[in-house]
Amino acid sequence: MMKRIRIVELLELTDFGKEITTMGWVRTIRGSKNVSFIALNDGSCMKNMQIVADAEKIPADVLDRIHSGAAIHVVGTLVESQGKGQINEVQATEIKVLGEADPDHYPIQPKRHTLEFLREHAHLRFRTNLFGAITRVRHAMIFAIHQFFNDRGFYNIHSPIVTGSDAEGAGEMFQITTLDLNNLPRTEEGEIDYKKDFFGKQTNLTVSGQLEAELAALAMSQVYTFGPTFRAENSNTSRHLAEFWMIEPEVAFADIHDNMDLAEDMLKYVVKYALDNCKDDLEFLQQRLANEEKQKPQNERSMPLIEKLQFVLENDFERITYTQAIDILKNSKPNKKKQFEYVIEEWGADMQSEHERYLVEKHFKKPVIITDYPKDIKAFYMKQNDDGKTVAAMDVLFPQIGEIIGGSQREENYDKLMTRIKEMNIPEEEMWWFLDTRKFGTVPHAGYGLGFERLMLFVTGMTNIRDVIPFPRFPKNAEF
RNA sequence: UCCUCCUUAGCUCAGUUGGUUAGAGCACAUGACUGUUAAUCAUGGGGUCCAAGGUUCAAGUCCUUGAGGGGGAGCCA
């Protein structure tokens, strides 16, 4: 393949006079009689490389084929920039058009597009400044998460994507099958005969890797999963996807407090990683957010993005129990004045997002971890506390996003776990392998699930989760 | 799934009380300009007003239904 210098490297070079080759996609081209300027981007960074095309050196029929979106191959001399705004530029000696982009049909113009329009052109939105920045930050976050866990001696586990269990208990599942839906095999009783299906049983896409992560943790001591997760909920919100990526650490010999420490350390680590490694992209995202919020009244605007990230880094998360949270809410102004849609009457109520937002955004004004929820509103596998009423669950709540992490210490006692399984009608016969861990060498352990795209919302300041994953899947949409 | 708002040029939008041939900026084409920074200036082409039905002398505008999208809620990560 042709040798090229990536634009991120090229922008730093000062050995003027050197001949270089670079390639990329044209962002804008400005022309006058004698000279044209091309802003070239190859995705390697936020900034564009300025290519100077002299009318004497570059034939008009080549320049005529260059519009926004075209891919070009540039050979030229690196020179000190004669204009303002960049230190260097490439004085082109030869330009080859690798791929034209007919401006009558190419949808991405060098102007502001709405996020909705770009969502409908998700195959081309990588070519915008915004989605270039989001894509680079997303990569950095993925990398930082693996680095965080690797540095602490965690092992990455690939939990299965196909599951034969519907006991994961985290929502509606997508069924997968190779059966002919127009001609389903039936048993004598008239039921669908799943013995004839590919796996010999009914199977679904996973809604959580937690149960398998627990199996691994109870041998490897500390593991984490980072994989795709599927929920068939009919959720139409800016915080939900049908296919999203989840990080699920699971740690043996750990309790709920260790779990909270790990969650807080991890979030701070990855936020710091973004601040240290994605400066240009974050500055661009910060500017976008500020522009977006110009229409909002002063008191509803959030703090600048980078300041917000630093704030999370520098402050301890508030840790309170569910019981304390309910007390605060009961005595809060909006509750007394009945401004909440759901007024908090008594202990045991499930908190609505308006309550979580009040605690995080109004009362504490920082991330909050709520622990020890009533057992009746939480999952069967959570560690039962001595009070008989609560479980060692924890939710990490972030401003604007709400629940970014949900986790718990796990119930390691076989009898207590069995009691909950029976009380909550979990199909016990499907759980034998999970229950085995409590029979053989059980230990206290804990873990949580982090919604990766929700973390992305926080770090990028974007407000719709469909914009922080390249190809979002949601009800009635699986395009691209 | 519920509530609510929106859908007009390739894109972003305006379109008054229902009234003649539906507008602007950007993009594009042509021309001007000795180096621009989303260049500037002049000229030009470009429309199934989301779809179907209805009210009316007359519908982009009003009504009904549907589709798609935004925001909020529920469920959750």
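The structure contained in this document is the topic of the report that follows. (Residues numbered from 1 in each chain as written. Chains lettered and ligands numbered in written order. Predicted model: local features only at pLDDT ≥ 70, side-chain atom pairs only at ≥ 80, totals over all residues. Heavy atoms only, no water.)

### Some thoughts on the sheet that holds strand S11 (residues 243-252)
The following threshold applies: Strands were regarded as paired on the criterion that DSSP finds at least two bridges between them. Helix numbers and strand numbers start at the N terminus; a helix is a DSSP run of H or I with at least 4 residues, a strand a run of E with at least 2. A contact between two residues is defined here by any heavy atoms of the two lying within 4.5 Å. Lines fitted to C-alpha atoms define the axes here, with helix axes fitted over just the stretch in contact, and angles between the N-to-C directions of these axes take values from 0 to 180 degrees.
Within the open sheet, the 8 strands sit side by side as S6-S10-S11-S16-S15-S14-S13-S12. Their pairing is mixed. What marks the edges here is a single partner per strand, and that holds for strand S6 (155-156) and strand S12 (318-321). In this sheet, strand S16 (residues 445-451) lies alongside S11 in antiparallel orientation, the contact comprising 5 bridges. By the bridge assignment, Met246 is partnered in S16 with Gly451. Of the strands in this sheet, S12 and strand S13 (368-374) touch helix H9 (residues 322-330), which is tilted by about 95 degrees from S12.

### Some words on the pattern of salt bridges
Pairing between side chains of opposite charge can happen when the charged atoms of each approach one another. Defined as follows: For salt bridges, the criterion is a side-chain nitrogen of Lys or Arg within 4 Å of an Asp or Glu carboxyl oxygen. Per-residue accessibility, obtained with a 1.4 Å probe over protein chains only, is compared with the maximum for each type, and a residue is labelled buried under 20%, exposed over 50%, and partly exposed between these values.
Tallied over the full model, the rule gives 26 salt bridges. Between Lys268 and Glu264 there is a salt bridge, with the nearest N and O atoms lying 2.9 Å from each other. Separated by 4 residues within a single helix, Lys268 and Glu264 lie in helix H6 (residues 256-277), roughly one turn from each other. Across the pair Lys383 and Glu412 runs a salt bridge, and its minimum N-O distance is 3.2 Å. One end of the pair, Lys383, is in the loop between S13 and strand S14 (390-398); the other, Glu412, is in the loop between strand S15 (402-409) and helix H12 (414-423), and 29 residues separate them in sequence. Assessed through its relative accessible area of 17%, Lys383 is described here as buried. One continuous salt-bridge network, built from bridges that share partners, spans Asp261, Glu264, Lys268, Asp316 and Arg319.

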